[in-house]
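Summary of structural features
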Amino acid sequence: MPGRMLWLALAMTALLAGCFAPRAETEARNWRPDGPGGRTLSQLLALSPGIAATTWESFDGPGGATEVRLTAEYAVPRLTAACPAPLAGQDAAARAFLVLGLTVSPAGAVDFAYAEARGYAASGAWQSTPLDIGVIADLVARATVLPCAALALPKGS
């Protein structure tokens, strides 16, 4: 019986210390940017046209918050079909990514921090294009998130 009480005391201590609290990545994945009745960020990403893969990372942030970074790789052929061909002196992106930064407070509140589009050409050229919070609205609307300009890279960049 004393062993059972020890395990119960340890479990209660872990619970009170926040050991069983949802991880910041889980909070970010379950964030509903369109409000309580909307889809979660994970669901929006699953519905976003052209996403081929996602990677989630988290880091210590300021003031006890956690920064969660989502990197979503897009299938470039699906994106370029709606974009004009690159101009002379530009390389077409062979790989394209959305990098989305969110902050998660210790209480679990999720906020937009930053977004950027990254394009990489087969030649080695690459480009980073800053995006704004409109990316979230595009995800909610199931619109293409990456602009065509992010898929046409200056040669040798």
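Located above this text is the structure these notes cover.
Described in the following lines is the structure provided in the data block. (Residues numbered from 1 in each chain as written. Predicted model: local features only at pLDDT ≥ 70, side-chain atom pairs only at ≥ 80, totals over all residues. Heavy atoms only, no water.)

1. Description of the pattern of salt bridges
- Within this structure, the stated rule accounts for six salt bridges.
- Here Glu25 ties to Arg23 by a salt bridge, and the two come within 3.4 Å at their closest N and O atoms.
- A residue is classified by how much of its surface remains accessible, and Glu25, at 11% relative accessible area, is buried.
- Given a relative accessible area of 52%, Arg23 falls into the exposed group.
- Between Glu25 and Arg29 there is a salt bridge whose closest N-O contact spans 4.0 Å. Linking Glu25 with Arg29, this pair stays in helix H2 (residues 24-29), spanning four residues, or about one helical turn.
- A relative accessible area of 32% places Arg29 in the partly exposed class. (Salt bridge = Lys/Arg side-chain N within 4 Å of Asp/Glu carboxyl O. Buried < 20%, exposed > 50% of the residue type's maximum accessible area, 1.4 Å probe, protein only. Helix = DSSP H or I, 4+ residues; strand = E, 2+ residues; numbered from the N terminus.)

2. Section: the nonpolar core
- Grouped together as the largest cluster of nonpolar side chains are 34 residues, with contacts concentrated most on Leu41, Tyr74, Leu98, Leu139 and Leu146.
- Where this core is concerned, the elements lending two or more residues are H2, helix H3 (41-47), strand S2 (66-74), helix H4 (76-80), strand S3 (90-104), strand S4 (110-121) and helix H5 (134-140).
- Ranked by residues supplied to this core, first place goes to S3 with six residues.
- Beyond its immediate stretch of four places on either side in the chain, Leu139 contacts Leu41, Leu44, Leu45, Ser48, Tyr74 and Val145. (Core = buried A, V, L, I, M, F, W, Y, C linked by side-chain atoms within 4.5 Å. Contact = heavy atoms within 4.5 Å.)

3. Looking at the environment of Arg69
- Examined against the element boundaries, Arg69 turns out to sit in strand S2.
- We classify Arg69 as partly exposed; its relative accessible area is 23%.

4. Considerations on the packing of aromatic side chains
- Taken as a whole and judged by the stated rule, the model has two aromatic pairs.
- When the centroid spacing of 5.8 Å and the interplanar angle of 80 degrees are considered together, the rings of Phe97 and Tyr120 count as edge-to-face. Here Tyr120 lies in strand S4 and Phe97 lies in strand S3, a separation of 23 residues in the sequence.
- Look at Phe97 and you get buried, because its relative accessible area is 12%.
- Between Tyr120 and Trp126 the ring centres are 6.3 Å apart and the planes differ by 20 degrees, which places this aromatic pair in the stacked class.
- Relative accessible area serves as the criterion here: at 44%, Trp126 is assigned to the partly exposed category.
- By the ring-pair criterion, three or more aromatic residues cluster together here, those being Phe97, Tyr120 and Trp126. (Phe/Tyr/Trp six-rings, centres within 6.5 Å; stacked < 30°, edge-to-face > 60°.)

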